[in-house]
Structures are given as structure tokens and as C-alpha cells.
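Chain by chain, the residues:
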Amino acid sequence: MVSSLCMDKHFITSLKKKLETPQKAVIIPHKNPDGDALGSTLALLHFLIQNKHEAVVIAPNEYPDFLNWLPGQEAVLKYNRNPKDVRYKIESATLIFTLDFNHLSRIGDLEPLVQKAKADKIMIDHHESPDNYATLMYSDVSMSSTCEMVYNIIKDMDPNGFTPDISECLYTGIMTDTGSFRYPATTPATHRAIAHLIETGASGTEIHQRIYDSASFSRLKLLGLTLSNLKQIPNLPVVYMTLSQKELNSCDYKKGDTEGFVNYGLSLEGIIFSCIMIENENEGIIKISFRSQGEFSVNDFARSYFNGGGHHNAAGGMSSDSIETTVARFIESVQEVAHKF
Ligand code: 5GP
Ligand code: MN
């Protein structure tokens, strides 16, 4: 029988030991948290509070509206809104959990605060190439999601500890990070976890509706615009899309509206690499998302050419050039790796 728990013994033993005494825990997702980042941090929050610890989720910034129903999200402290409270919480924490990222640069302005903090740092993450800032690490790139890892932790520590709040949060992150249970990291163990989460209070139908059937009119208009900008690099199985700030404004863009757009490129027959470049005038950057199918590693590509990283088939990066220059650089970079297709 395949074990569904492939956790490092040292990790779980050490974590249990730390949690034997009451802790003041801070739990941090990456900047621009997605379903997995917010789902995993909130599930861990509920679990720690259930076990009589003080705990708070601190997000570097806002998250998209389609996540604003997750149980516990209303209490998330956002650094951009509550800098004073956040500073105090991080300074006085005894444990800092960092979830769904493995490099402190992923938490933006929170980085120096966490670096300076005296608390023990615990990383729970499934991205490639972890940095070494954490005292305790559960890092596993074979995992579908950070939510599946938090599931494993709770299952090990308290198999009866899954409340409906915890189960909804974990279901959400596993669902969003696996593209609704279809990406290759979805294993039998993932499905067993999902079955258990349904048994303990998560409704798959409701969660799907809340996440995927809650689009605004403007999001669909923006999708139409994005798809009309779709281009293929001649003779290569590569497509890209762009969205300028002007185009975003013309469709009343709100955070989260472009989530998932990049995946449409891969729905084309024969296309194995899709990219979207989105202008962010406020931050003065182009934010880039990469997706691939099969052997081609967008993690390597993002690292080599666009100061980013992520997973083998889903990664991101950024560019400080204009959108035109970024497109030109993207095409050049693709030509350099054309032998890999
Ligand atoms: P998305 O394209 O959905 O923003 O991100 C895809 C994956 O790549 C996510 O797992 C995300 O954490 C990672 N990612 C996105 N942007 C960056 C980046 O700038 N740097 C790194 N290291 N990872 C990123
Ligand atoms: Mn994730």
C-alpha cells in the first residue's frame, strides 16, 4: 500500500514538539495570494486556534474577490493596510509559518520584517529550489499544492481535527492548484485527501461555483480582449498574449480578473508553451505568467530569462521593460530554447 503521508519524520516530530507549548504564530502566504496560498494559511490558522495557540494570517497585500468567502479571510491582516499591527505581530511572534513560497523575495515589503524576526521560521511549500531561511522545512515539489501538505500535517497530528472551515479551505487550494484535479501532480493520495475533505464538510459543487462561476461582466470582456491579442510564434508550439494597462482600464480591471487566462493558450492543439504579459503601471513592471505541457520546464525558462520561477509546468516572472520590449525579449528567449520543443 502506498503511504499517503510522505512527510519528513524530522519535520513532523519537531513541529509537534514546538506545538506542545502555546505559541504566538504568524502565518504568511506569498504576495498576490492565490487559492492555494490563502486556503493553506487559513486552514492552518483554524487548526492552530483549535489547538489553543494564538495565530494570525498576515498577507503582504490584497487577494482577489473570488477568494473573499473563505472561512476566516475577514480576519487576515494585510500589510498594505495595517503596517503597524503587522510589524508588532511579526516582532512578537514565537513561530512564523511561510506557506506556498520558498524565497522571502516572494512576500514583497514583508521580507525585511520576517528576516529580522526572532521567531523560528517554518516553511511549508511545493515550489522548486527552496531557499534556506527556515529553521524547519517541509518542502516537496511532488505535492499538488501546499493545501495537500497542510492536509498531511493535520491528518498526522489530529485525524479527527478536520472541521468544515478547515476542509473548505483545503479543498479550495487543492482544486485551484491542480486545475480541478487534472495537472500531473494530482495523485491517488490527492483524491483520497479530497474525498476526506468532502466527508468532513467541504462541498465540491459549492466551492467550484464560488471560484469559477463568480466572474464579473468586465472579466469576461477582458478575456475576450486577451484572446483577440493571442499570437503564435511562427513554426513553434508557443503562444503569447499581452494586456496593456490601457486595455485593463478599458475593462474596469480588478485584481484577480486575469486569473487563468494564460491557460487558454494550452487549450490549442499542439501548443505546449503559453505566456501572458500584463502591464502594471503602478509597480512599473510587466508581470508574466508561463504555462507548459509535458517536458518543457517553464520554471527553468522563468529563472533564466525573467527573474522568476515556480513549478515545472506553471511559473511566473517579471520585466522592467516596456511591454513591446518584453514581447521582443520573450520571442528572442524562446528562439534560444527552440531546440527543446
Ligand atoms: P502565476 O502565473 O499563477 O502567477 O504563478 C504560477 C506559479 O509561479 C505560482 O506557483 C507562483 O508561485 C510562481 N510564480 C509566479 N510569479 C513568480 C515570480 O515572480 N517568482 C517566482 N519565484 N515564482 C513565481
Ligand atoms: Mn501552490
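Being a predicted model, the structure only gives us computed values, none of them experimental.

Within the largest apolar cluster, 49 residues are counted, with the highest numbers of intra-cluster contacts made by Phe11, Phe97, Ile124, Leu170 and Leu197. In terms of residue count, helix 2 (residues 35–50) provides more of this core than any other element does, seven residues in total. Non-local contacts of Leu170, meaning those with residues more than four positions away in its chain, are made with Ala43, Cys147, Val150, Tyr151, Phe162 and Leu197.

Another point: the pattern of salt bridges. Applying the stated criterion to the full structure yields eight salt bridges. When the shortest N-O distance is used, the salt bridge between Glu62 and Arg81 registers 2.9 Å. Here Arg81 lies in the loop between strand 3 (77–78) and helix 3 (83–92) and Glu62 lies in the loop between strand 2 (54–59) and strand 3, a separation of 19 residues in the sequence. Its relative accessible area of 57% is what places Arg81 among the exposed residues. The salt bridge involving Arg329 is made with Asp321; its shortest N-O contact spans 3.1 Å. Residue classification places Arg329 among the partly exposed residues on the basis of a relative accessible area of 27%. Residues participating in the shared-partner salt-bridge network are Glu62, Lys78 and Arg81.

Now for the sheet that holds strand 9 (residues 273–280). An order of 7-8-9-10-12-11 is seen for the six strands of this open sheet, with the pairing classed as mixed. The outermost strands of the open sheet, each flanked by one partner alone, are strand 7 (231–232) and strand 11 (309–310). Here strand 11 runs beside strand 12 (residues 314–319); their pairing, made up of two bridges, is antiparallel. Residue pairing in the sheet places Gly310 in a bridge with Ala315 of strand 12.

With that settled, consider the packing of helix 6 (residues 164–177) against helix 8 (residues 204–212). Close contact between helix 6 and helix 8 brings their axes to 10 Å; oriented N to C, the two are set at 60°. Taken together, the axes of helix 6 and helix 8 lie oblique to each other. Considering the relative orientation of helix 6 and helix 8, their crossing is right-handed. On helix 8, the residues touching Glu168, Tyr171, Thr172, Met175 and Thr176 of helix 6 are Gly204, Ile207, His208, Arg210, Ile211 and Tyr212. Its residues placed into classes, the contact of helix 6 with helix 8 shows five nonpolar, four polar and two charged.

Counting buried residues along strand 5 (residues 120–125), five of its six residues qualify, which places the element largely inside the surrounding structure. Taken together, strand 4 (residues 95–99), helix 4 (residues 111–116) and strand 5 form a β-α-β motif whose crossover is right-handed. In terms of strand pairing, strand 5 meets strand 6 (residues 136–139) through four bridges, oriented parallel. Among the inter-strand pairings, Ile122 is bridged to a residue of strand 6, identified as Leu136.

Okay, the pairing of strand 10 (residues 285–292) next. The sheet contact formed by strand 9 and strand 10 spans eight bridges and is antiparallel. Its bridge partner being in strand 10, Met277 is matched across the sheet by Ile288. Counted along the chain from strand 9 to the antiparallel partner strand 10, the turn is four residues long, and its residue Gly284 has a positive phi close to 65°. Two elements, strand 10 and strand 12, share six bridges in a ladder whose sense is antiparallel. When the sheet's bridge partners are listed, Ile288 is paired in strand 12 with Gly317.

Turning to the packing of aromatic side chains, a few remarks are in order. Scanning the entire structure with this criterion turns up 17 aromatic pairs. On the basis of an interplanar angle of 45° and a centroid distance of 6.0 Å, the ring pair of Phe273 and Phe290 is categorised as tilted. With Phe273 in strand 9 and Phe290 in strand 10, the pair connects residues that are 17 residues apart, well separated along the chain. Summarising the burial analysis for this pair, Phe273 and Phe290 share the class buried. Seen in terms of ring centroids, Phe301 and Phe306 are 6.2 Å apart; in terms of plane orientation they differ by 40°. Their pairing is tilted. Of the two residues examined, Phe301 and Phe306, each falls in the buried class. For Arg210, the ring lying beneath its charged end belongs to Trp69, and the centroid distance is 4.7 Å.

What counts and what doesn't
Residues numbered from 1 in each chain as written. Chains lettered and ligands numbered in written order. Predicted model: local features only at pLDDT ≥ 70, side-chain atom pairs only at ≥ 80, totals over all residues. Heavy atoms only, no water. Core = buried A, V, L, I, M, F, W, Y, C linked by side-chain atoms within 4.5 Å. Buried < 20%, exposed > 50% of the residue type's maximum accessible area, 1.4 Å probe, protein only. Helix = DSSP H or I, 4+ residues; strand = E, 2+ residues; numbered from the N terminus. Contact = heavy atoms within 4.5 Å. Salt bridge = Lys/Arg side-chain N within 4 Å of Asp/Glu carboxyl O. Pairing = 2+ DSSP bridges. Axes fitted to C-alpha atoms, helices over the stretch in contact; angles between N-to-C directions. Parallel < 35°, antiparallel > 145°, perpendicular 65-115°, else oblique. Left-handed = near helix turned anticlockwise from the far one by under 90°. Nonpolar A, V, L, I, M, F, W, Y, C, P; charged D, E, K, R; others polar. Right-handed = clockwise from strand over helix to strand, strands pointing away. Phe/Tyr/Trp six-rings, centres within 6.5 Å; stacked < 30°, edge-to-face > 60°. Lys NZ or Arg CZ within 6 Å of the ring centre and 35° of its normal.

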